[in-house]
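Here's the letter readout for the chains.
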Amino acid sequence: MPGLFAVDGKTVLVTGGSRGIGLMIARGFVEAGARVIISSRKADACAEAVETLSQFGRCEAIPADLSSTEGADRLAAAVRDRADALDVLVNNAGATWGAPLEAYPESAFDKLWAVNVKAVFRLTTALLPALRVSATADDPSRVINIGSIDGIRVPWMEVYAYSATKAAVHMLTRSLAHQLAPERITVNAIAPGPFESKMMAFALDDPQSRATIEHQVPLGRIGRPDDMAGTAIYLASRAGAYLTGAVIPVDGGITTHG
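Thresholds, definitions, all that
Residues numbered from 1 in each chain as written. Predicted model: local features only at pLDDT ≥ 70, side-chain atom pairs only at ≥ 80, totals over all residues. Heavy atoms only, no water. UniProt positions renumbered as here; feature names shortened; annotations may be inferred. Salt bridge = Lys/Arg side-chain N within 4 Å of Asp/Glu carboxyl O. Helix = DSSP H or I, 4+ residues; strand = E, 2+ residues; numbered from the N terminus. Buried < 20%, exposed > 50% of the residue type's maximum accessible area, 1.4 Å probe, protein only. 1 Å grid on protein atoms, 1.4 Å probe; cavity = no way out; pocket = protein on both sides within 12 Å on 5 of 7 lines; lining within 4 Å. Points joined across faces, edges and corners; volume = space filled by probe spheres on them. Nonpolar A, V, L, I, M, F, W, Y, C, P; charged D, E, K, R; others polar. Patch = residues over 30% accessible without salt bridge, like charges linked within 9 Å, V, L, I, M, F, W, Y side chains within 5 Å. Areas by Shrake-Rupley, 256 points an atom, 1.4 Å probe, with all protein chains shown as cover.

- You'll find the protein entered in an unreviewed UniProt entry as Glucose 1-dehydrogenase, with Plantactinospora siamensis given as the organism.
- Regarding the protein, the UniProt comment filed under Sequence similarities (unreviewed entry) reads as follows: "Belongs to the short-chain dehydrogenases/reductases (SDR) family."

What follows is the structure, encoded as C-alpha cells:
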C-alpha cells in the first residue's frame with residue numbers, strides 16, 4: 001500500500017519542539033520529508049534544535065511564549081506569514097508542577113491552565129484559516145494534541161494541576177474534533193506514558209526510580225523517540241485520515257491497569 005504513511009511535502013508546526021517529546025515528533029516529521037516549523041519559548045533552544053534537525057531535512061523555528069493569548073496570536077501570525085497553508089498542527093508545549101497536597105499552590109493551576117489548555121485552544125483557532133486551506137475530504141488537515149496518561153488515570157505523583165489540565169486537553173480534543181469534522185480537519189490526542197524528557201528527568205535519571213517505573217510498564221521499558229514519532233506520523237498520514245476525536249495512550253500498556 002504505497003504512500004499509506006507518507007507525510008513528505010506536508011507543512012507541520014510543532015510547539016515545544018526544541019526538546020523532549022516535541023523534538024522526537026519534529027525529528028520524525030523532518031526525517032519523513034515534511035517541512036517542519038518548531039516553536040518554544042527560548043530562541044537559543046530553537047536555534048540549537050534547528051541546527052540538529054536541519055541535518056535530516058527541512059526545519060525552521062519561530063520562538064514564542066504560549067502562556068499568553070498574545071503569544072499564541074503572534075505565533076499564529078508568524079506561521080501564516082511563512083506558509084499559506086498548514087497541514088499539521090502539533091500542540092505539544094506544556095508545563096507541569098508537583099507539590100504535596102496541602103502545599104499545592106493555586107498559582108500552579110493558573111500557570112498550567114494557561115499553557116496546557118488555553119494555548120491549545122487559542123493557537124488552534126488562530127490557525128484555522130491556514131488549516132482550512134490544506135483540508136480536503138481525502139486528506140484532512142490534522143490537529144494533534146499532546147495529552148498524558150495522567151489525564152486518564154490517577155498519576156503516581158502529586159501533580160494535581162497537571163493531571164487536571166491534561167484531562168481537559170483530552171475533552172477539548174473531542175469537542176474540537178466534533179466541531180471541525182465538517183470542515184475536513186481532524187483532531188486527535190496522544191497520551192504519552194514515560195518518555196525521556198525534562199519533565200521526567202527527575203525520575204528517569206535515578207537508576208532505582210527508573211527501574212521502578214519500568215517495572216510498572218507492562219511492556220517493561222521507557223518509551224523511545226520512534227514510538228512517539230510513529231504515532232504522530234500515523235495520525236498525520238493517509239493511514240490516519242478517518243480517525244478523529246481519539247485519545248491514544250502511547251504508554252507501554254500502563255493504562256491497562258485502569
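### Describing the pattern of salt bridges
- The full count for this structure, using the stated rule, is eleven salt bridges.
- With a shortest N-O distance of 3.0 Å, Asp 139 and Lys 10 are connected by a salt bridge. Here Asp 139, found in the loop between helix H5 (128-134) and strand S5 (141-146), pairs with Lys 10, found in the segment before strand S1 (11-15); they are 129 residues apart in sequence, far enough to count as distant.
- You can call Asp 139 partly exposed: its relative accessible area is 32%.
- A relative accessible area of 9% places Lys 10 in the buried class.
- Among the ionic pairs, Glu 183 bridges to Arg 132, the shortest N-O distance being 2.5 Å. Here Glu 183, found in the loop between helix H6 (160-180) and strand S6 (185-192), pairs with Arg 132, found in helix H5; they are 51 residues apart in sequence, far enough to count as distant.

### Describing empty space enclosed by the protein
- Applying the stated criterion across every chain, the model contains one cavity of 30 Å³ or more.
- Quantified by volume, the largest cavity comes out at close to 40 Å³.
- In this structure, the largest cavity is lined by Thr 15, Leu 66, Asn 91, Asn 92, Ala 93, Val 115, Ala 119, Val 120 and Leu 123.
- If you tally residues by element for the lining of the largest cavity, the top one is helix H4 (residues 106-126), at four residues.

### Quick notes on the layout of surface pockets
- Its volume calculated, the largest pocket comes out at about 1100 Å³.
- Along its surface, the largest pocket is lined by 46 residues, and Arg 19, Gly 94, Ala 95, Thr 96 and Met 199 are the ones closest to its centre.
- At the level of elements, helix H1 (20-31), H4, H6 and helix H7 (198-204) are the ones that each hand at least two residues to the lining of the largest pocket.
- In terms of residues, the lining of the largest pocket owes the most to one element, H7, which gives four residues.
- Its residues assigned to classes, the lining of the largest pocket shows 21 nonpolar, 16 polar and nine charged.
- Taken as a whole, the second largest pocket spans an internal volume of roughly 200 Å³.
- Of all the secondary-structure elements, those providing two or more residues to the lining of the second largest pocket are H1, helix H2 (43-53) and helix H9 (225-236).

### A closer look at the environment of Gln 55
- Mapped onto the elements of the fold, Gln 55 is located in the loop between H2 and strand S3 (58-61).
- Judged by relative accessible area, Gln 55 falls into the exposed class, the value being 62%.
- Spatially, the C-alpha atom of Gln 55 lies 29 Å from that of Val 133, the residues being 78 residues apart in sequence.

### Section: a nonpolar patch on the surface
- A surface patch of nonpolar side chains, about 320 Å² in accessible area, is lined by Trp 156, Met 157 and Phe 202.
- Mapped onto the elements of the fold, Phe 202 is located in helix H7.
- For Phe 202, a relative accessible area of 55% gives the class exposed.

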